[in-house]
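Each chain, letter by letter, is given below.
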Amino acid sequence: MRTLSRSLNILVEKHLPSAFLFALILTIIAAAMGVFLGGASLPEVANMWYAGFWKFLEFGMQMVVVLVTGYALAKAPLVNRLLAKFATIPKTQFAALTVVMVVSAILGIISWGLGFVGGTIIAIEVAKRTQTADFRLLVASSYSAIIATQPMSLALTAPLLVNTPGHPLEEKIGLIPVTETIFSPTMLLVSIVGFLGIYAGFAFMAPKPNEVIPLNGDIAEPPADPKPQTAAEKIDNSIIVNTIVVVFGILAISLYFIANGFNLELNIMNFIFLVVGIGLHGSPAKYAKCITDGIPAASGIVLQFPFYAGIIGIMAGSGLIVMIGQWFASISTEATFPLFTYIAAMIVNIFVPSAGGQWQVQGPVMIEAIQNMNINPATIVNAVSVGDMTTNLLQPFFVLPTLGLAKLGLKDIWGYCMTAMLILMVISGTIFLLVPVLGW
């Protein structure tokens, strides 16, 4: 496993293009398919592309909020102190690996934005205190643990999206409760077995004592904010204003759950993270600064989501969605369709590195394909989500904030991550092959 991870590092660094380039390539492919398979003229395809280009604005903003509010939660002083306390536990490389993976997985289950940032912070803090642990291994294991447990994450995008009123496929599939997606036996099993599988994999991949590369020197922390001096600065840092807003936010959250029960969807999850983050930072100014610091991590979403929306415009307008859906139906049976959906999702995610964005691209195709099959649409949502999760260990879109915080390069961790991906492929593929048998 050690040899495999090193070889994969070299391969990926040399040949993997950027996530934005993938979006552009997929746009060109979709346009060509619209002309040659859909029978539309090039000007018609261009109009379809533009017509769809801005349809993800609301959803794109929701994704930005998920990421930056998770970042702000992870950077809150209380959370940082808790992570630093956990970091004092391990004394050996194996113990360090265990603490980093377990804490990262828990944070990721709460929110993937929180997990990506908080998991990297715990890896750094553990590495500072455990010089017998390989820093690259800890960072890679943190990211992989978050990915492996995403199927049961409270912020998993596609399941929350299809439970949000007004989602694009509501007329065909209605609203799907999270009890059939995030909290379903399928997703819980994929998460638990997947985590245990990659935990064992990282234990085998751990460098020998003479090969360990520890964290050398501290990773620079931003300077502390100066004490407010002027009247304006004191107002910006007002605890009173902060407390009023948090109390008002808690009231709104309580009223939502009283009216809707424990019904999780994107808007309420984002609102909860926002209110909790404001409360933990203690003042409007501190929270605003933290959000500003986290915005660069969301730049890929802002840039790429309009292109995904344009691709959907082409695929819907030219009839490609119906054609591809019919093709998938022709090569599948009800027993094999969940597995084929999972495999297709892994491939599509290389081009569309976002579970929500991918569902917008792939969801209509797969839902069209099961129109004459006895398959629960929730199964398709689950298969697409897990397929997306699996190749997030290959596609570098979401690991960029981790690498920035850890001051590492892609080559430092990607061999580990790709080996973890192979483990998850075997586990998840087997589970989705058994889903129709088990009736999940």
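What comes next is a walk through the structure.

The rules behind these values
Residues numbered from 1 in each chain as written. Predicted model: local features only at pLDDT ≥ 70, side-chain atom pairs only at ≥ 80, totals over all residues. Heavy atoms only, no water. Core = buried A, V, L, I, M, F, W, Y, C linked by side-chain atoms within 4.5 Å. Buried < 20%, exposed > 50% of the residue type's maximum accessible area, 1.4 Å probe, protein only. Helix = DSSP H or I, 4+ residues; strand = E, 2+ residues; numbered from the N terminus. Contact = heavy atoms within 4.5 Å. 1 Å grid on protein atoms, 1.4 Å probe; cavity = no way out; pocket = protein on both sides within 12 Å on 5 of 7 lines; lining within 4 Å. Points joined across faces, edges and corners; volume = space filled by probe spheres on them. Nonpolar A, V, L, I, M, F, W, Y, C, P; charged D, E, K, R; others polar. Expected span 1.5 Å × (residues − 1). Salt bridge = Lys/Arg side-chain N within 4 Å of Asp/Glu carboxyl O.

Let's talk about the nonpolar core
In step 1: Within the largest apolar cluster, 141 residues are counted, with the highest numbers of intra-cluster contacts made by Tyr-143, Phe-202, Phe-337, Trp-359, Ile-380 and Ile-413.
In step 2: At 13 residues, the largest contribution of residues to this core is made by helix α22 (residues 410-438).
In step 3: Dropping the residues within four chain positions of it, Ile-380 is found in contact with Phe-337, Thr-341, Trp-359, Met-366, Ile-367, Ile-370 and Ile-375.

Some words on the layout of surface pockets
In step 1: The volume enclosed by the second largest pocket comes to roughly 580 Å³.
In step 2: Taken together, 26 residues form the lining of the second largest pocket, with Phe-56, His-167, Pro-168, Leu-169 and Gln-360 sitting closest to its centre.
In step 3: Listing elements by their share of the lining of the second largest pocket, those giving two or more residues are α4 (57-74), α16 (299-317), α17 (320-331) and α19 (355-369).
In step 4: Per-element accounting of the lining of the second largest pocket gives the leading share, 5 residues, to α19.
In step 5: Its residues assigned to classes, the lining of the second largest pocket comprises 15 nonpolar, 7 polar and 4 charged.

Considerations on the side chain of Ser-385
In step 1: When you line up the elements, Ser-385 lands in helix α20 (residues 377-391).
In step 2: With residues up to four places along the chain from it excluded, the contact list for Ser-385 reads Leu-156, Ala-158, Pro-159 and Met-187.

Notes on helix α7 (residues 112-129)
In step 1: Between the first and last C-alpha of α7 there are 26 Å, a value that for 18 residues agrees with the 26 Å anticipated at 1.5 Å per step.
In step 2: A large share of α7 lies buried, amounting to 16 of its 18 residues.

Observations regarding the pattern of salt bridges
In step 1: One pass over the structure, following the stated rule, counts 5 salt bridges.
In step 2: Salt-bridge contacts for Lys-128 lead to Glu-125; the nearest nitrogen and oxygen are separated by 3.4 Å. Linking Lys-128 with Glu-125, this pair stays in helix α7, spanning 3 residues, or about one helical turn.
In step 3: The salt bridge partner of Arg-129 is Glu-125, with a shortest N-O separation of 2.7 Å. Linking Arg-129 with Glu-125, this pair stays in helix α7, spanning 4 residues, or about one helical turn.
In step 4: A residue is classified by how much of its surface remains accessible, and Glu-125, at 12% relative accessible area, is buried.
In step 5: Through salt bridges with shared partners, a single network forms among Glu-125, Lys-128 and Arg-129.

Observations concerning unusual backbone geometry
Generally, phi is negative for residues other than glycine and the peptide bonds are trans, each holding for most cases.
In step 1: For Lys-407, which is not glycine, the phi dihedral falls at a positive 60°.
In step 2: Turning to its location among the elements, Lys-407 is positioned in the loop between α21 (400-406) and α22.

Observations regarding empty space enclosed by the protein
In step 1: Per the counting criterion, the structure on display carries 1 cavity of 30 Å³ or more.
In step 2: Roughly 140 Å³ of internal volume is contained in the largest cavity.
In step 3: Lining the largest cavity we find 13 residues, and of these Trp-112, Gln-150, Ala-355, Asp-388 and Asn-392 sit closest to its centre.
In step 4: Looking at which element gives the most residues to the lining of the largest cavity, the answer is α20, with 3 residues.
In step 5: Counted by class, the lining of the largest cavity contains 7 nonpolar, 5 polar and 1 charged residues.

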